[in-house]
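Summary of structural features
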Amino acid sequence: MDPIKAFKDADEIAAAACNYVLQAARESIAEHGVFNIVLTGGSTPKKLYELLATQTGVEWSKWHFFMGDERFVPVDDERSNQKMAQDSILSKVSLGPDQIQPVPVDQPAADQAASTYEQQILEYFGISLSDPLPAFDLILLGMGSDGHTASLFPGKLSLKETQRLVTASEPGVLPPPVERITFTLPLINAGRRVLFMAAGADKAQAFKHVCQDLTKIPQEAATPAGMVRPAAGKLLWYVDQAIVS
Ligand code: 6PG
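Anyway, here's the lowdown on the structure attached to this text. A quick note: this is a predicted structure, and the numbers were derived from the prediction, not measured. Here, residues in each chain are numbered from 1, in the same order as that chain's written sequence. In keeping with the predicted nature of the model, local features appear solely for residues at pLDDT of at least 70, side-chain atom pairs appear and are counted solely at 80 or more, and the whole-chain, interface and lining totals rest on all residues. Just so you know, side-chain values use all the structure's heavy atoms and leave hydrogens and water out.

1. Quick notes on the overall build of the protein chain
The line we're drawing: Here a helix means four or more residues in a row that DSSP labels H or I, a strand means two or more in a row labelled E, and each is numbered from the N terminus. Taken over C-alpha atoms, the radius of gyration is set against a globule rule of 2.2 Å times the number of residues to the power 0.38. Per-residue accessibility, obtained with a 1.4 Å probe over protein chains only, is compared with the maximum for each type, and a residue is labelled buried under 20%, exposed over 50%, and partly exposed between these values. Whether two residues are in contact is decided by their heavy atoms, any of which lying within 4.5 Å being enough. All tallies of charge rest on Lys and Arg as positive and Asp and Glu as negative; His and the ends of each chain are not included. Throughout, a charge is located at the NZ atom of Lys, the CZ atom of Arg, the CG atom of Asp or the CD atom of Glu.
Looking only at helices and strands, the protein chain features seven helices and ten strands. For the protein chain, the C-alpha radius of gyration of 17 Å lies close to 18 Å, the compact-globule estimate for 245 residues. Overall, the C-alpha framework of the protein chain stretches about 45 × 40 × 35 Å when taken along its three principal axes. The buried share of the protein chain, taken over its 245 residues, is 54%. A separation of at least 24 residues holds for 74% of the contacts in the protein chain among residues at least 6 apart in sequence. A gap of 5 Å separates the mean positions of the 21 positive and 29 negative side-chain charges of the protein chain.

Structure below.
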């Protein structure tokens, strides 16, 4: 099945993504009692979060929220992905504090925040680093105009990480120019479902590369986003007309 679905605009992507997330939540809760969702930063996801927050009949008590990448800035900083998620969904629905796992940006350095977050993820799943990788029920991702995803930027070391679940990442060429903490490719590729949301003509070139990348083996991909291939999970790209034209 083609993993790419094109919609009119970012609003339609958000509406379709909302249905997909709710369906994934129902399936996961029916299968194993909880729904682990990994959020991403970005403008299209924000629309999705706002929409999700208005839904009724959702078993919010079974949801557990993680962040797939974060800027190394205080939680109340406008550049924080967690702040965006907090403002758009997490503060709007009924959740206990143990259902939200933000990246611990209060650590002295980004690499310490990364290893502490990795430890929190391992503890959540009740496993250690030598065990098979944990599989999140749904990982949401965006893509930048340089083809980056999460905080995995082209040509940077974080992209080559094979041992860790979470790593620190240098700033890329796109703003904001701050250090990041990011899920690694192995952790993303262990996900049960990975949903990209990407919109805008400025990303058309990068998306062309991704389409070519998806026909190649991940090691030959030109873009970080094109290296995302869940090993046993489902990959979906929700994009708008502007990006495909
Ligand atoms: C971040 C993001 C990043 C984002 C893309 C797309 O923290 O910067 O997680 O990977 O998803 O840059 O962002 P937009 O949807 O805003 O273009």
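2. Observations concerning the nonpolar core
What tends to happen in soluble globular proteins is that the nonpolar side chains get buried as a cluster. Applicable threshold: Grouping buried Ala, Val, Leu, Ile, Met, Phe, Trp, Tyr and Cys residues that are joined through side-chain atoms within 4.5 Å yields what is termed a nonpolar core.
Ranked by size, the top nonpolar core spans 77 residues in total, and within it Leu48, Trp63, Leu140, Trp237 and Tyr238 carry the most contacts. Other than its neighbours up to four places away in sequence, Leu140 contacts Val21, Ile37, Val38, Leu39, Thr40, Leu48, Tyr49, Leu195 and Met197.

3. Quick look at unusual backbone geometry
Where the residue is not glycine, phi is negative for most of them; where a peptide bond is considered, it is trans in most cases. At Ala150, a position not held by glycine, the phi torsion is positive, near 45°. Locating Ala150 in the fold gives a position in the loop between strand 6 (138-141) and strand 7 (166-169). Overall, the relative accessible area of 8% leaves Ala150 in the buried class.

4. Focus: helix 4 (residues 110-125)
Test applied: Here the expected length of a helix is defined as 1.5 Å per residue gap, with one fewer gap than residues.
Compared with an ideal rise of 1.5 Å per residue, which puts 16 residues at 22 Å, helix 4 spans 23 Å between its outermost C-alpha atoms and is within 8% of the ideal. Every buried residue of helix 4 is listed here: Ala110, Ala113, Ala114, Tyr117, Glu118, Ile121 and Leu122. Structurally, helix 4 contributes buried residues whose contacts are with strand 3 (63-67), strand 5 (100-101), strand 7, strand 8 (180-183) and helix 5 (185-189). Looking one or two residues past helix 4, Gly126 carries a phi angle of roughly 70°, positive in sign.

5. Looking at the site of the ligand
So the rule is basically this: A molecule or strand has a residue near it when one of that residue's heavy atoms lies within 4 Å. Any N or O atom pair separated by 3.5 Å or less is treated as a polar contact, with the protein-specific requirement of one donor-capable and one acceptor-capable atom, and with residues adjacent in sequence counted only for side-chain atom pairs.
In the vicinity of the ligand, 16 residues are found, and the nearest of them are Asp69, Arg71, Asn81, Ala150 and Lys203. One nitrogen or oxygen atom from the side chain of His148 is found 3.0 Å from an oxygen atom belonging to the ligand. In the environment of the ligand, an oxygen atom lies 3.2 Å from a nitrogen or oxygen atom belonging to the side chain of Arg180.

6. Some thoughts on the pattern of salt bridges
Convention followed: Salt bridge, as used here, is a side-chain nitrogen of Lys or Arg placed within 4 Å of a carboxyl oxygen of Asp or Glu.
Enumeration according to the criterion identifies twelve salt bridges in this entry. In this structure, the salt-bridge partner of Asp11 is Lys47, at a minimum N-O distance of 3.2 Å. Taken together, the residues Asp11 in helix 1 (residues 10-32) and Lys47 in helix 2 (residues 43-52) connect sequence positions 36 residues apart. The exposure class assigned to Asp11 is partly exposed, which follows from its relative accessible area of 48%. The closest approach of N and O atoms between Arg79 and Asp77, which form a salt bridge, is 3.0 Å.

7. Here's the deal with the side chain of Asp240
Within the secondary structure layout, Asp240 lies in strand 10 (residues 234-240). Put simply, Asp240 is tucked away with no salt bridge, and the nearest opposite charge, on Lys203, sits 8.4 Å away. The contacts of Asp240, once residues within four sequence positions are left out, are Phe7, Lys8, Asp9, Ala10, Ile13, Ala198, Ala199 and Gly200.

8. What about the packing of helix 2 against helix 3 (residues 81-90)?
Cut-off, in case you're wondering: Axis geometry follows a simple rule: fit a line to the C-alpha atoms, using only the stretch in contact for helices, then measure angles between N-to-C directions, giving values from 0 to 180 degrees. Roughly parallel covers angles under 35 degrees, roughly antiparallel covers those over 145, roughly perpendicular covers 65 to 115, and oblique covers all other angles. Lys, Arg, Asp and Glu make up the charged group, whereas Ala, Val, Leu, Ile, Met, Phe, Trp, Tyr, Cys and Pro make up the nonpolar group; the residues left over, Gly among them, are polar.
Between helix 2 and helix 3, the shortest axis-to-axis distance is 8 Å and the interhelical angle comes to 30°. When the axes of helix 2 and helix 3 are compared, the pair comes out roughly parallel. Between helix 2, through Lys46, Tyr49, Glu50 and Leu52, and helix 3, the contact on the second element is made entirely by Met84, Ala85, Ser88 and Ile89. Among the residues making up the contact of helix 2 with helix 3, the classes are represented as five nonpolar, one polar and two charged.

9. Some details on the sheet that holds strand 5
Applicable threshold: Whether two strands pair comes down to DSSP finding at least two bridges between them.
Taken together, the seven strands give an open sheet; going across it, the order is 1-10-9-6-2-3-5, and neighbouring strands pair in parallel fashion. What marks the edges here is a single partner per strand, and that holds for strand 1 (4-7) and strand 5. Here strand 3 pairs with strand 5 via two bridges, running parallel. What sits directly across from Phe65, in strand 5, is Ile100. Against the sheet, helix 2 touches strand 2 (35-39), strand 3, strand 6 and strand 9 (193-198), its axis set at about 115° to strand 9. Sitting on the sheet, helix 4 is in contact with strand 2, strand 3 and strand 5, with an inclination near 160° to strand 3.

Coordinates in, geometry out; function isn't part of it.
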